[in-house]
Amino acid sequence: MLGLKRGEVFLCPHEKAWETEAQRTISQLWEILGNRAKDIQHVGSTAVPAIKAKPIIDIAVAVDDFQHILSLKEELEKNGFYYRPCQLEGQLLFACGSCYDGSGELQTHFIHVTLTDSPAWNNYINFRDYLNHNLSAAKAYESVKVSMSEQVTGGCVGEGYTPRQSYTAGKHDFITDMLCRAQAYGYLGKMVYIKIDRPAGSCHPEHKSMIYPLNYGFIPGTLSGDGEALDVYLLGVREPVEEYTARVIAVIHRYDDVEDKLVAALEGMTFTKDEIKSAVGFQEQYFNSEVIV
């Protein structure tokens, strides 16, 4: 099944055909956009096999300049991609479906054009990857989607909202929380600058009996689930330091906390899951956590 009427909300079990259609669409977009596009990827719930989704394909396109895409608006519409002015900050929206060319009533694809490496682009990619690597989070998201779908199809719609607008609004808080967690996964394999606020040998600011056997800090300018910057354990540097640049090698996923932690190490150094678990155990022993590499 592919496509829904405007404003309609209906969830389907995952279909392999969605990925096939997404890749066909991506190839078509590359042909039209050429090097004006820096990356094009299948995103949204149809890109997460473990969960139900509305049968509408979401594609994210990264570009350096929106004008490069708007200059091709006529060519895009000739190929079935219709420009739809939207209220999403920092994005352009194109849509596909028979409701746009007058041959029917269905919407089938949404093409989200974002700036390269912008928060919007990173959110699309990180959220998809986080759900695909964390089944419990994916199923929790599916439960929210199913609950909101049942509410709006049962007539529980916010005043002045269409069913689809109410459905989207009902997922907002969950998605916001998950994006904070998903951000951590987006750093895997990347070099990061770490500001060390708890150097090796220092004690915990509240629990004075806890001594940090390694350097522990944060990535300035980030935001985790607790409203503070994203925290990082630094492995391989024994002496106390004030700052460091290292590669993220793992995520510590906490099942019983609102935030996850990153683990970084010196370039070229490797650690097994057991070694990482042992190194961070002085603090993670108080949480139900898992090392993900």
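The name recorded for the protein in an unreviewed UniProt entry is inorganic diphosphatase, from Candidatus Scybalocola faecigallinarum. Here the protein is described in UniProt, under the heading Cofactor (unreviewed entry), as follows: "Mg(2+)".

Participant: Which residues make up helix H8 (residues 273-284), and what values do they have?
Facilitator: If you check H8, its first and last C-alpha atoms are just 14 Å apart, much less than what 12 residues at 1.5 Å a residue would give, namely 16 Å. All buried positions along H8 are accounted for by Ile 276, Val 280, Phe 282, Gln 283 and Glu 284. Where H8 is buried, its residues meet strand S8 (191-198), strand S9 (215-219), strand S10 (230-235), strand S11 (243-254), strand S12 (261-265) and strand S13 (289-292).

Participant: I'd like to hear about the layout of surface pockets, residue by residue, with values.
Facilitator: Its boundaries defined by the atoms lining it, the second largest pocket holds a volume of some 350 Å³. Taken together, 20 residues line the second largest pocket, and the ones lying closest to its centre are Arg 198, His 204, Tyr 216, Lys 261 and Gln 283. Only S8 and S9 provide two or more residues apiece to the lining of the second largest pocket. Among the residues making up the lining of the second largest pocket, the classes are represented as seven nonpolar, three polar and 10 charged.

Participant: Go over the sheet that holds strand S2 (residues 37-43), please, and point to the residues and values.
Facilitator: In spatial order, the strands read S2-S3-S7-S5-S4; together these five strands make up an open sheet with mixed pairing. Each end of this open sheet is capped by a strand with a single partner; those strands are S2 and strand S4 (82-83). The strands that helix H1 (residues 16-33) touches are S2, strand S3 (57-63) and strand S7 (109-115); relative to S2, the one it contacts most, it runs at about 165°. The sheet strands contacting helix H5 (residues 119-133) are S2, S3, strand S5 (91-96) and S7, and the helix crosses S2 at an angle near 40°.

Participant: Please provide a residue-by-residue account of H1, values included.
Facilitator: Here H1 spans 26 Å end to end across 18 residues, near enough to the 26 Å set by a 1.5 Å rise per residue. Residues of H1 that are buried: Trp 18, Glu 21, Ala 22, Thr 25, Ile 26, Gln 28, Leu 29, Ile 32 and Leu 33. Burial along H1 is one-sided: seen end-on, the buried residues are contained in an arc of 165°. Turned more than 90 degrees away from the buried face of H1, the exposed residues are Lys 16, Thr 20 and Glu 31. Summarising the contacts, the buried residues of H1 are in contact with S2, S3, helix H2 (66-70), helix H3 (73-78) and S7. Looking one or two residues beyond H1, the residue adopting positive phi is Gly 34, at roughly 55°.

Participant: Break down the packing of aromatic side chains for me, citing the residues and quoting the values.
Facilitator: Two descriptors summarise a pair of aromatic rings, namely the distance from one centre to the other and the angle between the planes of the rings. On inspection of all chains with the given rule, the structure shows nine aromatic pairs. Judged by centre distance (4.9 Å) and plane angle (55°), the ring pair of Tyr 216 and Tyr 233 falls under tilted. Taken together, the residues Tyr 216 in strand S9 and Tyr 233 in strand S10 connect sequence positions 17 residues apart. Residues Tyr 216 and Tyr 233 agree in their burial class; the two are buried.

Participant: I'd like a description of the pattern of salt bridges, backed by residues and values.
Facilitator: Applying the stated criterion to the full structure yields nine salt bridges. A salt bridge links Glu 21 to Arg 24; the shortest N-O distance between them is 2.7 Å. With Glu 21 and Arg 24 both in helix H1, this residue pair falls three residues apart, about one helical turn. By relative accessible area, which is 17% here, Glu 21 ends up buried. Here Asp 231 and Lys 261 are joined by a salt bridge, their closest N and O atoms 2.5 Å apart. Taken together, the residues span a long stretch of sequence, with Asp 231 in strand S10 and Lys 261 in strand S12 at a distance of 30 residues. Three or more residues joined by partner-sharing salt bridges are found here, namely Asp 231, Glu 259 and Lys 261.

What counts, and where the lines are drawn
- Residues numbered from 1 in each chain as written.
- Predicted model: local features only at pLDDT ≥ 70, side-chain atom pairs only at ≥ 80, totals over all residues.
- Heavy atoms only, no water.
- UniProt positions renumbered as here; feature names shortened; annotations may be inferred.
- Helix = DSSP H or I, 4+ residues; strand = E, 2+ residues; numbered from the N terminus.
- Expected span 1.5 Å × (residues − 1).
- Buried < 20%, exposed > 50% of the residue type's maximum accessible area, 1.4 Å probe, protein only.
- Contact = heavy atoms within 4.5 Å.
- 1 Å grid on protein atoms, 1.4 Å probe; cavity = no way out; pocket = protein on both sides within 12 Å on 5 of 7 lines; lining within 4 Å.
- Points joined across faces, edges and corners; volume = space filled by probe spheres on them.
- Nonpolar A, V, L, I, M, F, W, Y, C, P; charged D, E, K, R; others polar.
- Pairing = 2+ DSSP bridges.
- Axes fitted to C-alpha atoms, helices over the stretch in contact; angles between N-to-C directions.
- Arc of directions from axis to C-beta.
- Phe/Tyr/Trp six-rings, centres within 6.5 Å; stacked < 30°, edge-to-face > 60°.
- Salt bridge = Lys/Arg side-chain N within 4 Å of Asp/Glu carboxyl O.

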